[in-house]
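# Close look at the chain arrangement
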Amino acid sequence: MGLCWFLLSFLFHSLYAHNDFFTSIGQMTDLLYTEKDLVTSLKEYIRQEENRLEQVKEWADKLDSLTNTATQDPEGFLGHPVNAFKLVKRLNSEWGDLESLVLKDTTNGFISNLTMQRQFFPTEEDQTGAAKALLRLQDTYQLSANTISNGDLPGVVHKSRMTVADCFELGKIAYSEADYYHTELWMAQALTQLDEGEESTIEKVTVMDYLNYAIYQQGELERALELTKRMLKLDPNHQRANGNLKYFEFQLEKQRKAEAEKKEQEDKKREKKVLDKRDAQRKRSKDPLPERKKYEMLCRGEGVKMTPRRQSRLFCRYFDNNHNPWLLLAPVKQEDEWDRPRIVRYHDIISDSEIKTVKELAKPRLKRATVHDPNTGKLTTAHYRVSKSAWLYEYEHSTIEKINQRIEDVTGLEMDTAEELQVANYGVGGQYEPHFDFGRKDEPDAFKELGTGNRIATWLFYMSDVSAGGATVFPDVGAAVWPKKGTAVFWYNLFASGEGDYSTRHAACPVLVGNKWVSNKWIHERGQEFRRPCAMSEME
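Below is a summary of the structure that appears in this document. Going along each chain's sequence as written, the residues are numbered from 1 onward. Side-chain atom pairs in this predicted model are given and counted only at pLDDT of 80 or more, local residue features only at pLDDT of at least 70, and totals for whole chains, interfaces and linings cover all residues. With hydrogens and water excluded, all non-hydrogen atoms of the structure serve as input to the side-chain values.

### A word on the overall build of the chain
Only DSSP runs of H or I reaching four residues or more are called helices, and only runs of E reaching two or more are called strands; each is numbered from the N terminus. If you tally the helices and strands in the chain, you get 16 helices and 17 strands. Working definition: with a 1.4 Å probe on protein chains only, accessible area under 20% of the residue-type maximum means buried, over 50% means exposed, and in between means partly exposed. A total of 540 residues make up the chain; the buried ones form 45% of that total. Note on contacts: a residue pair is in contact if any heavy atoms of the two residues lie within 4.5 Å. Counting contacts in the chain only where the partners sit at least 6 residues apart, residues at least 24 apart contribute 71% of the total. Of the roughly 31000 Å² that the chain leaves accessible, carbon and sulfur atoms contribute 53%. Note that accessible areas follow from Shrake-Rupley with a 1.4 Å probe, and for residues the cover is restricted to the protein chains shown.

### A short note on the state of the cysteines
Pairs of cysteine sulfur atoms within 2.5 Å are what we label disulfides. Applying the stated criterion across every chain yields a total of one disulfide. Note on cysteine connectivity: C299 is disulfide-linked to C509, with sulfurs 2.0 Å apart. In this structure, the disulfide formed by C299 and C509 twists by about -85 degrees around the S-S bond and is classed as left-handed. A residue pair is termed long-range when its members are at least 10 positions apart, and C299 in helix α13 (residues 291–299) and C509 in the loop between β15 (506–508) and β16 (511–513) qualify at 210 residues.

### Side note on unusual backbone geometry
Following R340, the chain continues into P341 via a peptide bond in cis, with omega recorded as 0 degrees. The residue P341 is located in the loop between β2 (332–338) and β3 (343–347) in this model. The phi angle at N321 is positive, at roughly 50 degrees, despite the residue not being glycine. Tracing the chain through its elements places N321 in the loop between β1 (316–319) and β2. At N322, a position not held by glycine, the phi torsion is positive, near 55 degrees. Tracing the sequence through the fold places N322 in the loop between β1 and β2.

### Overview of the packing of helix α6 (residues 124–140) against helix α8 (residues 164–176)
Put simply, α6 and α8 touch, their axes get as near as 10 Å, and they point 95 degrees apart. Overall, the two elements α6 and α8 adopt an arrangement that is roughly perpendicular. Residues Q127, T128, A131, L134 and L135 of α6 lie in contact with α8, whose contacting residues are E169, L170, I173 and A174. Side-chain classes follow a simple rule in which Ala, Val, Leu, Ile, Met, Phe, Trp, Tyr, Cys and Pro form the nonpolar group, Asp, Glu, Lys and Arg form the charged group, and the remainder, Gly included, forms the polar group. Considered class by class, the residues forming the contact of α6 with α8 number six nonpolar, two polar and one charged. Note on geometry: axes are C-alpha line fits, over the in-contact stretch for helices, and angles between N-to-C directions span 0 to 180 degrees. Each angle receives one of four descriptions, namely roughly parallel if under 35 degrees, roughly antiparallel if over 145, roughly perpendicular if within 65 to 115, and oblique otherwise.

### Here we look at the sheet that holds strand β9 (residues 432–435)
Spatial strand order, β9-β15-β12-β13: four strands in an open sheet with antiparallel pairing. One side of each edge strand has no neighbouring strand; the edge strands of this open sheet are β9 and β13 (479–481). The mean angle between the axes of side-by-side strands here comes to 15 degrees, regardless of whether they run parallel or antiparallel. Two strands qualify as a pair provided that DSSP identifies no fewer than 2 bridges between them.

### Here's the deal with the packing of aromatic side chains
Think of it this way: a Phe, Tyr or Trp ring, Trp meaning its six-membered ring, pairs with another when their centres are within 6.5 Å, and the plane angle makes it stacked under 30 degrees, edge-to-face over 60, tilted otherwise. Scanning the model with the defined rule gives 21 aromatic pairs in all. With centroids separated by 6.0 Å and ring planes inclined at 55 degrees, the aromatic side chains of Y247 and F248 adopt a geometry described as tilted. You can call F248 buried: its relative accessible area is 2%. Taken together, a centroid distance of 5.2 Å and an interplanar angle of 75 degrees make the contact between F490 and Y492 edge-to-face. Since its relative accessible area comes to 25%, Y492 is described here as partly exposed. Three or more aromatic residues joined by ring pairs make a cluster, and in this case those are F168, Y175, Y180, Y210, Y213, Y216, Y247 and F248. Lysine NZ or arginine CZ positioned within 6 Å of the ring centre and within 35 degrees of the ring normal marks a charge as sitting over the ring. Above the ring of W522, the side-chain terminus of R455 is found at 3.6 Å from the ring centroid. Over the ring of Y492 we find R532, and its NZ or CZ is 3.7 Å from the ring centre.

### Looking at the layout of surface pockets
Using a 1 Å grid laid over the protein atoms alone, points where a 1.4 Å probe fits but cannot get out form a cavity; open sets with protein on both sides within 12 Å along at least 5 of 7 lines form a pocket; any residue with an atom within 4 Å of a point counts as lining. Grid points are joined across faces, edges and corners, and a volume is the space filled by probe spheres set on the points. Of the voids in this model, the largest pocket is the one considered here, and its volume is about 1500 Å³. Lining the largest pocket are 47 residues, with G129, A130, V386, G427 and V428 positioned closest to its centre. At the level of secondary structure, the elements contributing two or more residues to the lining of the largest pocket comprise α3 (74–78), α4 (81–102), α6, α8, α13, β7 (387–392), β8 (421–426) and β16. No other element matches the 11 residues that α6 contributes to the lining of the largest pocket.

### Things to note about the pattern of salt bridges
When charged atoms on two side chains of opposite charge get close, those side chains can pair. Each salt bridge in this description consists of a side-chain nitrogen of Lys or Arg and a carboxyl oxygen of Asp or Glu lying within 4 Å of one another. The final tally for this structure, using the stated rule, is 33 salt bridges. The partner of D352 in a salt bridge is K485, with the nearest N and O atoms 3.8 Å apart. Separated by 133 residues along the polypeptide, D352 in helix α15 (residues 352–362) and K485 in the loop between β13 and β14 (487–492) bring together distant segments of the chain. Connected through shared salt-bridge partners, K86, K89, E94 and D166 make up one network.

### Quick look at helix α10 (residues 204–217)
The first and last C-alpha atoms of α10 sit 20 Å apart over 14 residues, in line with the 20 Å expected at 1.5 Å per residue. Those residues of α10 not exposed but buried are V205, V207, M208, D209, L211, N212, A214 and I215. G219 sits one or two positions beyond α10 and adopts a positive phi of about 85 degrees. What a helix is expected to span follows from its residue count: subtract one and scale by 1.5 Å.

### Quick notes on the nonpolar core
The biggest cluster of nonpolar side chains holds 51 residues, and the ones touching the most others in it are M162, L170, W186, V207, V473 and L512. If near-sequence neighbours (up to four positions away) are discounted, V473 is found in contact with Y295, L298, C299, A479, A480, R505, H506, A507 and C509. What is meant by a nonpolar core is a set of buried Ala, Val, Leu, Ile, Met, Phe, Trp, Tyr and Cys residues, joined one to another through side-chain atoms within 4.5 Å. Counting 35 residues, the second largest nonpolar core, distinct from the first, contains I349, V358, I403 and F438.

Structure (C-alpha cells):
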C-alpha cells in the first residue's frame, strides 16, 4: 500500500513539475518513459504482493495439514519432543514473522485476532526451555543429532523431521549458553543437511561461522583451521574467516614448537609417567560412578542388575493387608519390584475412568511444579524439576475420596495427616533429578509448616503409559521402575525407627517419547504410631 502511494505521489510530482505538456510532443515523449517506469514498478509491486500471498498460502496449507493431524491425538503428537519443540518455536518465532509479513493490511480480521492472541503465546524463555529439553534428551539417551533430526525415536507415532532452521536454532541456543559441545553437534547437523541439498534461507557460511567458533573453543585448532579454509572458498571476503585464518595458523605453529620442546623432557620421564598413569587408572577404577552417570544409565535401561539369587526372592501375590475388610473379597495384585529398599507395585489399582476424572480436575490448575527449599522450608521452583502439578482435595470429588481410602486400605497407614493428592504432568523432556522425598537431619524445618512430621512413605500412581523414557530410578541401588498405566508403586522413606532410608533417593527420568501423567501421595509420620510401631534398632 505504501509503495502505491509513493508511485502516485511520484507521478503527480512529475506532472506538476512540467506544466503544459500538450504544447510540446518532445516533452510528452518523456511522459511515456515515465509511465513505462511506473508500470514496471507497479508490476514489481504486484509480483511482491503475489509472492507474499503465496508464502502466506503455503504456510496456511502446511499448518492446516499439520494441525489436522496433531489435533486427532494431541497428547500423542506432543509426546514426540521434536513436535513439542517445533510447536513452541512456531508460536514464539515463526507466527511473529508471519504477522510482520501480513501486517501491512491492518484491517484484516486475522491480524487483529493474531495480535490479540500473541499475548498468550509461548515466550522466548519457553522456546529456550524446549530446546534445552531436546539437548537433555540427547545426552541422557545418547542420541545423535541426526537421529533426533530425522525423528527416528522409539515408539514414535507422529514422526517429524527437523529443518536446517530448527537445527540452527538449537545450535544458537546452545551457543548463547556457552555450551560449545552441543553448538558443534547441531551446527554440524545443520551443515550436513545443507550439504545434502536441503533448501534454507540460512547460508552455509553462517552455519560454518558458528561451528568454527565452537570447534575452536573446544581446543581443536586443526579442525577449526580446516573449516576456516572451507569458509573462505565460499566467501573469500569473509572478514572474520580471514582474521581467523592468520590467528589459527599462528596458534598451531606456536603449539607445534611447544610440543617439540616438551618431547625431550617427556622421553626422559616416560617410564615414571607410565607408572603414574597406571596408578591414577587404578585409583579411578576404585572410584564409584558419579550419580549423574548412574542415573542416566538407569534411564536407558542399563546400570546395576539384580543378581539371580536376589531376583528369585521377588514374588507376585494377591494382597489383602492382613484381612482388611475392604480387600477380603477383592484383594489387590501386588508385585515385588525391588528388595532393598522394598519397592512394591500394585496392578489395576486405579481405573481408566478414575484416571480421566483426576486429569480433568487437575488440568485447569496445573502450575509449574515446586520443591521444598532446604534453607527456608518453603516451596520454590527448580531447574531440575521440569513438570507441572496440581493438588486435589478429597472434598472436591468422590473419586478423590475413594482413591485416598484405597491407599489407606492397601498400606494400612493413616491418610488424615498425609499431603493432598498431587497430580503431575511432565513437559518436553520432563524430569525430576535425583532427590529424597523425606527431610534429612540438616533440614529440620523441611515440613515444619505442615506439623505432621516427616514423610514416612511415598505412593505413586502411573496414569499413562510412556512410549520411551520416563522411568522412576533409584541410582544408589540400581533400581528402575517403568511407568505402566493403572499401576502404582509404594515404598517407605523412613525406617520404622524414624531414621531416613538414604537408599530411597530417586529420580524421574526425562520423557523421551510420550506423555507422562502421575499422581502421588506423600504420607507423613503423625497418626502412624499404632499402625507402624517405632522400632528400637536405628536401621530396622
